[in-house]
Amino acid sequence: MKHETPIQRLSIQVNSNTLYMKRDDLGLFSFGGNKLRKALPFFEDMKQAAATTVVTYGSSSSNHCRVVAHEAKSHGLRCVVIAPEEDLKVTFNRQMVLESGAGIVTCPVDAVSTTIAKTLSELKQAGERPYFIPGGGHGLLGTQAYVEAFEEILAFEDRTGVVFDAVYLASGTGATQAGLVAGSVLHETRHAIHGISIARRKAQGAPIVLESVNELLAARGVPALKADALSFLDDYILGGYGDANAAIHGWIRRMLHEEGIPMDSTYTGKAFWGMVEHLEECGISGRNILFLHTGGTPLFFDDLLRRKEEIR
Ligand SMILES: *Cc1c(COP(=O)(O)O)cnc(C)c1O
């Protein structure tokens, strides 16, 4: 199943730029999002491998684990999620994983890789054919999925005559940004693609994005991209993963009220705020700017519930 998503023009303007949004949150299964787009090719690959059980990794807030648990169910596969035991948050994503019937194996965060290996070997001994999807759908297949998303953006430009000067998105483990960047290299376009880091410092995060870009380019026989050609912005991470300020919450409310679009405070709301700051700081105006909405709608509801509790 192909999940092409729409691009819409927003009525909100920032610094006299015209904003557009690619709605990857509107994918056609399990609340969409970049984790859906990245998971789909893994499930295709699983068919070839005739797998019986899917194993993956993620925290309680993981959009990836929710999508994988739902996909597994819809393909009639068993699903096991390895999760760090330190993380006890109650979230809609975790609730949906549990209700899908997936097994959750918790372990200390420093024992994740040994627990994955142990789980895979136990499943094999029990006669299953397990298939492992890296956390977040990281890997060549996930990167490839975002080359295709970039090609949807190019098709939109061709169709409408609107040309984007820059694309902004939330960057975490980086495969989403890597796919867009690789797409722009493969198609020799001039788009500036800015990953707003949601947690990692540049020294740690940028090399991982670059590695994913170059893994894909190498697979296509294209020369590697240099580190300085990558824009991985770590000026907006605040206190790290999940930390948000009043400005982020302000943009989330405004986007919901004026555009009817949900954003969460960990990924999309934070990245949207980072984009606004970056456009203003760099004096960018009069351009067409595309924001990639990477999904995470269940996290939006977690935020909404928390707000409701604060009001009470
Ligand atoms: C995981 C996630 C991201 C980050 O994607 P990466 O490919 O890991 O960089 C961004 N937005 C949302 C909503 C996510 O769930």
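Located above this text is the structure these notes cover.
Note that the structure is predicted; figures quoted are calculated from it, not measured. (Residues numbered from 1 in each chain as written. Predicted model: local features only at pLDDT ≥ 70, side-chain atom pairs only at ≥ 80, totals over all residues. Heavy atoms only, no water.)

Regarding the overall build of the protein chain
Stage number 1. Along the backbone of the protein chain there are 10 helices and 10 strands.
Stage number 2. Over its C-alpha trace the protein chain gives a radius of gyration of 19 Å, about what one expects of a compact globule, namely 20 Å for 312 residues.
Stage number 3. Within the protein chain, the fraction of its 312 residues that count as buried is 55%.
Stage number 4. Considering only intrachain contacts with a sequence separation of at least 6, the fraction spanning at least 24 residues in the protein chain is 76%. (Helix = DSSP H or I, 4+ residues; strand = E, 2+ residues; numbered from the N terminus. Rg over C-alpha atoms; globule rule 2.2 N^0.38 Å. Buried < 20%, exposed > 50% of the residue type's maximum accessible area, 1.4 Å probe, protein only. Contact = heavy atoms within 4.5 Å.)

Here's the deal with the sheet that holds strand 3 (residues 53-57)
Stage number 1. The strand order across the open sheet formed by four strands is 5-4-3-6, and the pairing between neighbours is parallel. Strands at the two margins of the open sheet, each flanked by one partner only, are strand 5 (103-107) and strand 6 (130-133). Between one strand and the next, the sheet's axes are offset by a mean angle of 20°, whatever the strand orientation.
Stage number 2. Sheet topology note: the strand 4 (residues 78-84)/strand 5 ladder contains five bridges and is parallel. Looking at the pairing, A83 lines up with T106 of strand 5.
Stage number 3. Relative to strand 3, helix 2 (residues 63-74) is tilted by about 175°, and along the sheet it contacts strand 3, strand 4 and strand 6. (Pairing = 2+ DSSP bridges. Axes fitted to C-alpha atoms, helices over the stretch in contact; angles between N-to-C directions.)

Here's the deal with the packing of aromatic side chains
Stage number 1. Enumeration according to the criterion identifies eight aromatic pairs in this entry.
Stage number 2. A centroid spacing of 5.8 Å and a plane angle of 15° characterise the contact between F156 and F164, whose relative ring orientation is stacked.
Stage number 3. Exposure remark for F156: the relative accessible area of 10% places this residue in the buried category.
Stage number 4. On the accessibility criterion, F164 (2% relative accessible area) is buried.
Stage number 5. Between Y241 and Y267, the aromatic rings sit 5.9 Å apart at their centres with planes inclined by 80°, giving edge-to-face as the arrangement. Here the residue Y241 occupies a position in the loop between strand 9 (231-233) and helix 8 (246-259), and Y267 occupies one in the loop between helix 8 and helix 9 (268-281), the gap between them amounting to 26 residues.
Stage number 6. Given a relative accessible area of 42%, Y241 falls into the partly exposed group. (Phe/Tyr/Trp six-rings, centres within 6.5 Å; stacked < 30°, edge-to-face > 60°.)

Remarks on the site of the ligand
Stage number 1. Taken together, 15 residues are adjacent to the ligand, and K35, G172, T173, T176 and T294 come closest.
Stage number 2. The separation between an oxygen atom of the ligand and a polar side-chain atom of K35 is 2.7 Å.
Stage number 3. One of the backbone N or O atoms of G172 is found 2.6 Å from an oxygen atom in the ligand.
Stage number 4. Burial of the ligand by the protein amounts to 98% of the accessible area it has alone, namely 380 Å².
Stage number 5. With three residues, helix 1 (residues 34-48) is the single largest residue contributor to the shell around the ligand.
Stage number 6. Split into classes, the residues belonging to the shell around the ligand amount to three nonpolar, 10 polar and two charged. (Near = heavy atom within 4 Å. Polar contact = N/O pair within 3.5 Å; in protein donor to acceptor, adjacent residues only side chain to side chain. Areas by Shrake-Rupley, 256 points an atom, 1.4 Å probe, with all protein chains shown as cover. Nonpolar A, V, L, I, M, F, W, Y, C, P; charged D, E, K, R; others polar.)

A word on the sheet that holds strand 10 (residues 288-293)
Stage number 1. The strand order across the open sheet built from six strands is 1-2-10-7-8-9, with neighbouring strands paired in mixed fashion. On the outer flanks of this sheet lie strand 1 (7-14) and strand 9, each paired with one strand and no other. Strand-to-strand twist across the sheet, computed as the mean angle between neighbouring axes with direction ignored, equals 30°.
Stage number 2. Taken together, the three bridges between strand 7 (residues 166-171) and strand 10 define a ladder with parallel strand orientation. Counted as the bridge partner of Y168 is F291 from strand 10.
Stage number 3. Relative to strand 10, helix 9 is tilted by about 160°, and along the sheet it contacts strand 1, strand 2 (17-23), strand 7, strand 8 (192-197), strand 9 and strand 10.

What to know about helix 4 (residues 112-125)
Side chains that are three or four residues apart share a direction in an α-helix, a result of its 3.6 residues per turn.
Stage number 1. With 14 residues, helix 4 should cover 20 Å at 1.5 Å per step; its first-to-last C-alpha distance of 20 Å lies within 8% of that length.
Stage number 2. In this fold, the buried residues of helix 4 make contact with strand 3, strand 4, strand 5 and strand 6.
Stage number 3. A positive backbone phi angle near 90° is found at G127, which sits one or two residues after helix 4. (Expected span 1.5 Å × (residues − 1).)

With respect to helix 7 (residues 202-219)
Stage number 1. Along its 18 residues, helix 7 runs 25 Å from first to last C-alpha, staying within 8% of the 26 Å computed at 1.5 Å per residue.
Stage number 2. Turning to helix 7, its buried residues are G205, A206, V209, L210, S212, V213, N214, L216 and L217.
Stage number 3. Just beyond helix 7, the residue with positive phi is G221, at close to 70°.

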